[in-house]
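Listed here are the chains, written in short residue letters.
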Amino acid sequence: MKKILLSLCGIAILFAFATGSALAQTTGTVVGKIIDNETGEAVTGANVVIKGTTIGAASDLEGEFKITGVPTGKQAFEVSFISYERMTIEKTVAQDQVTDLGTIKLKIAAVGMQEVQVIASIGIDRKTPIAMSNVKAIEIEETMGNQEFPEILESTPGVYATKSGGGFGDSDITIRGFESVNVGVLINGVPVNDMENGRVYWSNWAGLADATQTVQIQRGLGASKVAIPSIGGTINIISKASDADKGGSISTSVGNDGYQKQIISASTGLTEENLAVTFSLGQTSGNGYVDGTSFQGYQYFANIAKKINKNHEVTLTAIGASQRHGQRQSRSTIAEYQNSDRGIRYNPDWGYKNGQETNTEDNFYTKPLFSLNHYWTVSPKLDVSTAVYYSVGTGGGGGTATNGGEYYRKDGLVDFDRIVDENIDNGAFGSKAILRASHNNHQWAGALSSVNYELTENIDILAGLDYRYYKGEHYQTVTDLLGGEYFPDDADINNPNRALQVGDKRSYYNDGIVNWGGGFLQGEYSKDNLSAFATLQASNTSYQRVDYYNYLDSDPNQTSPVYNFFAFGTKGGANYNLSDNHNVFANVGYFERAPFFNTVFPIFTNEANVDAANEKVFSYELGYGFRSSTFSANVNVYRTTWTDKAFPFTVPNQGPDGTNLFANILGVEAVHQGLEIDFLYEPIEGLTFNGMGSFGDWRWNNNIEDVTIFDEENNPVQTVNLFIADTKVGGSAQTTAMGRVSYEILDGLKIRGEYSYFDNIYARFNVLGRTTEGSAGVNPWQAESFGLVDLNASYKFPLTEKIKASVSGNVYNVFDTFYIKNANSGGGSPLVWFGTGRTWAATFRVNF
């Protein structure tokens, strides 16, 4: 017994010794930094754990991490983050020492994503000397809800987004006070601004947010090497590529006013044949917040990527949408909204016909974009990237036409039944009032190819060519005779005095042909803490017009001569990293931009404007950045001078029967200058504060003589002088600010609150209200400042080991604040569009 007790005691002593040795196991500390392999940006929130354990840490705002209590010896560390490829790094950890894993470069978990970012000219933090902000896919997914695409960008400095009339996809965006026609929009490096007028119709890109991997807003001159209309800035959209891993997702969303959205997506992953395919399909519908703006849309996205060998890779991407929605094109006075029992939802552009909702203004369009990209690694020092793209658009927008008739109203709505009765009574004399559609079909093709050559260890030379062809087909058709037998039309000189039926062309019929050819040469220098670039650009834009209505088929003048506009530009900048925490940058540039198509052909015939000239832009910017493990901030100042500006202008509701008038204004000068600030602070893991402020001073600089005003039928109405010198630029809030707090309460459960403030919101001036010298220096009507609160909550949880789920909810304008987002100076009272009241959306998603 004694021996047994002694043996047990011995075993206990050995066990205690072994346990003590284990508890006293030698450990060390492991540190490192995680960045995006392509952009060089810090990856915040990435997980680094010892393989097979839960010992680890998350990267901070600088992408840095620190793991204490790591057992000594050889260890395998797994690095992971959403949308990036998982990495495993092996390292020997020494006792009581700091082991540095160095800079870990994560690759995006999608085939071809790295390469497309090169074509798209994505800026790199602390290297590219421009002011920029990034919006990631996870933020879009959690906060998008039923917002418009431009609205998710409004939390960045200098950006102001409106829903315009409130129709589906009718939103608009400005950057630094420059309207959307002066903001370059790229999808995977492909420019999508309309080649005739520079606009971006966001309804054509319904569903774009669901196919977006990241958005980079580059303010000012931007990083794009090709010539695009980026006077205010560039919205650089990178779509999702083919996932390297097999999987997919299904999501459904609901929201206010009957909003519904369903999306399904799937990916094959990278097969043994080095082929990957990803696709998504979706539909969106709803009644619209504004009366008479119901909508139905379908969206699609597909990406096929093939790694041919280590030197060649090709990707084919298709993205697009088909939609129809009711619109509110007519602005109203504040009193008209107040007098309506529908309040800010009031819409004068619809009514009931035989009990069915009928719009006088609507929009219908289908527009796919196809792009084929080829990436060729010629040698370790030479890369060639080429993108070929094609887009075809069909559709247009609805409106009205009259022939001695009137659009009667009843209870604030269009009284279609009365109009139908009057047209029937008019019998053989035809309809007095009809519905018509303005069509803007187009074919668009282009190619962009660039070469990147590493001249020395520190110097890269880039060169490229850019070609674009565009043909727009413009005409009106009769869509509803409203009870009449026909509608008379005498616009076609080749077939006058016609009795039109539904589907017949009317009023005008012409083609606009645009050819663009350009090139660039850029040098980049990077060594130690200094990076710099210089770019030269040149382009030629040619316009030609074919008019089938105003000229006989036998008349050679039916096709206009080709008018060419050669433009050039140069820009450069430098960034210097003063330390690991501080950096400064500067950029400066001058470029010319060809006038838009309607500036060259302003009176809707083939008679060209001989005074049309290139617009000139000179801009410079200075900036400072700070980065630490818990706090980051950016401050920049800018000044942009714009001369020989030309732009079309709408005078709402001032024409016959309340229709709009139009003016094409030439030779305008403007100065946009301001200060921008943004910051991000993470005092503890899971809790972040971020905010921004933008303080602009944007003014018109000169008066303009001999401005011709046209009606909706393109007839000249009058000519006036325009006095706008030293007045504020309207259409955007010149002061904006945002503060946001986000907290991950539990693993996967996150809440977020955001407050946005807007001030110095001036109306766009009215041409007819600026015809006397006393108008100069007098600012347009100013809307009251306002602040909005939005709330968001999201929760991610596993359904099974391989199937994950998430639910998110958003409430916008929580306190139902009453505010004016956009205004035009009217003949008396301003004509406004109110912002939406309280709205909401919820989304449930399953990833498999």
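It should be emphasised that the depicted structure is a prediction, and the values quoted were computed from it without experimental measurement. All chains use their own residue numbering, which begins from 1 and follows the written sequence. It should be noted that, the model being predicted, local features are given only for residues of pLDDT at least 70 and side-chain atom pairs only at 80 or more, the latter also being counted only at that level, while totals for whole chains, interfaces and linings use all residues. Derived side-chain values reflect all non-hydrogen atoms in the structure, with water molecules and hydrogen atoms excluded from consideration.

S.K.: What exactly am I supposed to notice about the overall build of the protein here?
M.R.: For helices the rule is a DSSP run of H or I covering at least 4 residues; for strands it is a run of E covering at least 2, with both sets numbered from the N terminus onward. Summing up its helical and strand segments, the protein has 6 helices and 51 strands in all. Each principal axis of the C-alpha distribution contributes one length, and for the protein these read about 125 × 60 × 55 Å. Only protein chains enter the accessibility calculation, which uses a 1.4 Å probe; a residue whose area is less than 20% of its type maximum is buried, one above 50% is exposed, and one in between is partly exposed. Relative to its full complement of 848 residues, the protein shows a buried share of 55%. Whether two residues are in contact is decided by their heavy atoms, any of which lying within 4.5 Å being enough. A separation threshold of at least 6 residues defines the contact pool for the protein, and within that pool the share at least 24 residues apart is 68%. A positive count includes Lys and Arg, and a negative count includes Asp and Glu. His and the chain ends are not counted in either. All charge positions are set by atom: Lys at NZ, Arg at CZ, Asp at CG, Glu at CD. Distance between charge centres in the protein, computed from 63 positive and 92 negative side chains, equals 8 Å.

S.K.: Can you help me understand the environment of Glu85 in this one?
M.R.: In this structure, Glu85 sits in the loop between β5 (73–80) and β6 (87–93). Placed 401 residues apart in sequence, Glu85 and Tyr486 show a C-alpha to C-alpha distance of 64 Å.

S.K.: Sorry, what's going on with the nonpolar core here?
M.R.: Proteins that are soluble and globular tend to have nonpolar side chains buried together. Core analysis: the biggest nonpolar cluster contains 41 residues, and Phe149, Leu153, Val215 and Ile235 have the highest contact counts within it. The set of elements that each furnish at least two residues to this core consists of β11 (172–175), β12 (183–187), β14 (212–219), β15 (233–239), β33 (505–527) and α6 (597–600). Ranked by residue count, the leading element in this core is β12, at 3 residues. Grouped together as the second largest cluster of nonpolar side chains are 20 residues, Tyr638, Ile665, Val707 and Ile724 included. The criterion is simple. A nonpolar core is a set of buried Ala, Val, Leu, Ile, Met, Phe, Trp, Tyr and Cys residues joined through side-chain atoms within 4.5 Å.

S.K.: Got a minute to help me understand a nonpolar patch on the surface in this structure?
M.R.: Candidates for patches are residues over 30% relative accessible area with no salt bridge; among them, like charges are joined within 9 Å and nonpolar side chains (Val, Leu, Ile, Met, Phe, Trp, Tyr) within 5 Å. To measure how exposed things are, a 1.4 Å probe is used in the Shrake-Rupley method; for residues, cover is taken only from the protein chains shown. By definition, a salt bridge exists where a carboxyl oxygen of Asp or Glu is found within 4 Å of a side-chain nitrogen of Lys or Arg. Side chains of Tyr525, Leu530, Tyr576, Leu578, Val584, Tyr624, Val635, Ile677 and Phe695 sit close together on the surface and give an oily, nonpolar patch of about 690 Å² of accessible area. Mapped onto the secondary structure, Leu578 falls in the loop between β35 (563–577) and β36 (582–593). Given a relative accessible area of 49%, Leu578 falls into the partly exposed group.

S.K.: For this particular structure, what's the right way to read the packing of aromatic side chains?
M.R.: Working definition: rings of Phe, Tyr and Trp (its six-membered ring) pair if their centres are within 6.5 Å, and the pair is stacked with planes under 30 degrees apart, edge-to-face with planes over 60 apart, and tilted otherwise. Tallying each qualifying case throughout the model produces 29 aromatic pairs. Between Phe149 and Trp202, the aromatic rings sit 5.5 Å apart at their centres with planes inclined by 20°, giving stacked as the arrangement. Pair noted here: Phe149 is in the loop between α3 (137–143) and β10 (159–162) and Trp202 is in the loop between β13 (190–191) and β14, with a separation of 53 residues, a long-range link. Taken together, a centroid distance of 5.5 Å and an interplanar angle of 80° make the contact between Trp444 and Tyr470 edge-to-face. Pair noted here: Trp444 is in strand β29 (residues 433–454) and Tyr470 is in strand β30 (residues 459–480), with a separation of 26 residues, a long-range link. Here Trp444 matches Tyr470 in class, with each residue buried. Of the aromatic side chains, those joined through ring pairs into one cluster are Tyr543, Tyr563, Phe565, Phe597 and Phe601. The ring centre of Tyr289 lies 3.8 Å from the NZ or CZ of Arg345, which sits over that ring. Criterion for a charge above a ring: Arg CZ or Lys NZ at most 6 Å from the ring centre, at most 35 degrees from the ring normal.

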